[in-house]
Amino acid sequence: MNGHRFILLVFLRAGPDAMPAGWRATMAAALFFFLSGLVMSFVVAEPDTLNTLTGQIVWHSLRDNAVDLTLLTAYFLLLLKLAHRMPRAPQMLTAIFSALGFLGLVLALLWYFAPVNLAEPGPMTLGAGLILALFGWNLLVLGQIVRRTFDWGVWAGMGVALGYFVCSAGLMVWIDGLR
């Protein structure tokens, strides 16, 4: 995929219509999304557990990323089907996977340089603030992709994007509870 189009997408200067129209680009973007999730799993893992639990980290990461990829695909394909916009599926999914994969790598960098201690609640740190701002940007980018795909308003796009993030978080909490 043309890097220029990708950067424009993440900075809200282009929409999914600027993405390649074929499924090959969608598959490449899905792989990129999946691999960026694997990177994030190793960055978030505690340093002392990396040596002893690498196999478990890899297994949970593969499982969680596969589930999230499946949910992301099903969620947006269902919306496309209900809105009678299935011809837009490859471009929309390519845009979503590319943008969220890239923003996932940005999150991994933020987490690496400014880790957040999830075990001890306390005052908001700079790292936590930056990660929260990045989540807001994720929401904005995904909302923009939805808005431009369906020709909906800003708030509808943001609502659909937030719906995906809520479904994803809920599903991950439920799956983690099954262990």
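Now for a look at the structure at hand. (Residues numbered from 1 in each chain as written. Predicted model: local features only at pLDDT ≥ 70, side-chain atom pairs only at ≥ 80, totals over all residues. Heavy atoms only, no water.)

Some remarks on helix α2 (residues 23–44)
Taking 1.5 Å as the rise per residue, α2 with 22 residues should run 32 Å; its terminal C-alpha atoms sit 31 Å apart, in good agreement. All of the buried residues in α2 are Ala25, Thr26, Ala29, Ala30, Phe33, Phe34, Ser36, Gly37, Leu38 and Met40. On its buried face, α2 is in contact with α4 (54–82) and α5 (89–113). (Helix = DSSP H or I, 4+ residues; strand = E, 2+ residues; numbered from the N terminus. Expected span 1.5 Å × (residues − 1). Buried < 20%, exposed > 50% of the residue type's maximum accessible area, 1.4 Å probe, protein only. Contact = heavy atoms within 4.5 Å.)

Focus on the side chain of Asn138
In this structure, Asn138 sits in helix α6 (residues 126–150). Overall, Asn138 belongs to the buried group, its relative accessible area being 11%. Discounting chain neighbours no more than four positions away, the residues touching Asn138 are Leu100, Leu103 and Phe165.

A short note on the packing of α2 against α5
Look at α2 against α5: their axes get within 8 Å of each other, and the N-to-C directions meet at 20 degrees. One finds that α2 runs roughly parallel with respect to α5. For the element pair α2 and α5, the recorded crossing hand is left-handed. (Axes fitted to C-alpha atoms, helices over the stretch in contact; angles between N-to-C directions. Parallel < 35°, antiparallel > 145°, perpendicular 65-115°, else oblique. Left-handed = near helix turned anticlockwise from the far one by under 90°.)

What about the pattern of salt bridges?
Within the structure shown, the criterion is met by four salt bridges. Among the ionic pairs, Arg63 bridges to Asp64, the shortest N-O distance being 2.8 Å. (Salt bridge = Lys/Arg side-chain N within 4 Å of Asp/Glu carboxyl O.)

A word on a nonpolar patch on the surface
A surface patch of nonpolar side chains, about 490 Å² in accessible area, is lined by Met124, Leu132, Phe135, Leu162 and Val166. Taken together, the elements giving at least two residues each to the nonpolar patch come down to α6 and α7 (154–178). For Phe135, the location among the structural elements is in helix α6. (Patch = residues over 30% accessible without salt bridge, like charges linked within 9 Å, V, L, I, M, F, W, Y side chains within 5 Å. Areas by Shrake-Rupley, 256 points an atom, 1.4 Å probe, with all protein chains shown as cover.)

Some points on the packing of aromatic side chains
Using the criterion set out here, one finds ten aromatic pairs in the structure. Taking 6.2 Å as the distance between ring centres and 45 degrees as the angle between the ring planes, the aromatic pair formed by Phe76 and Tyr164 counts as tilted. With Phe76 in helix α4 and Tyr164 in helix α7, the pair connects residues that are 88 residues apart, well separated along the chain. Taken together, Tyr75, Phe76, Phe135, Tyr164 and Phe165 form an aromatic cluster joined through their ring pairs. (Phe/Tyr/Trp six-rings, centres within 6.5 Å; stacked < 30°, edge-to-face > 60°.)

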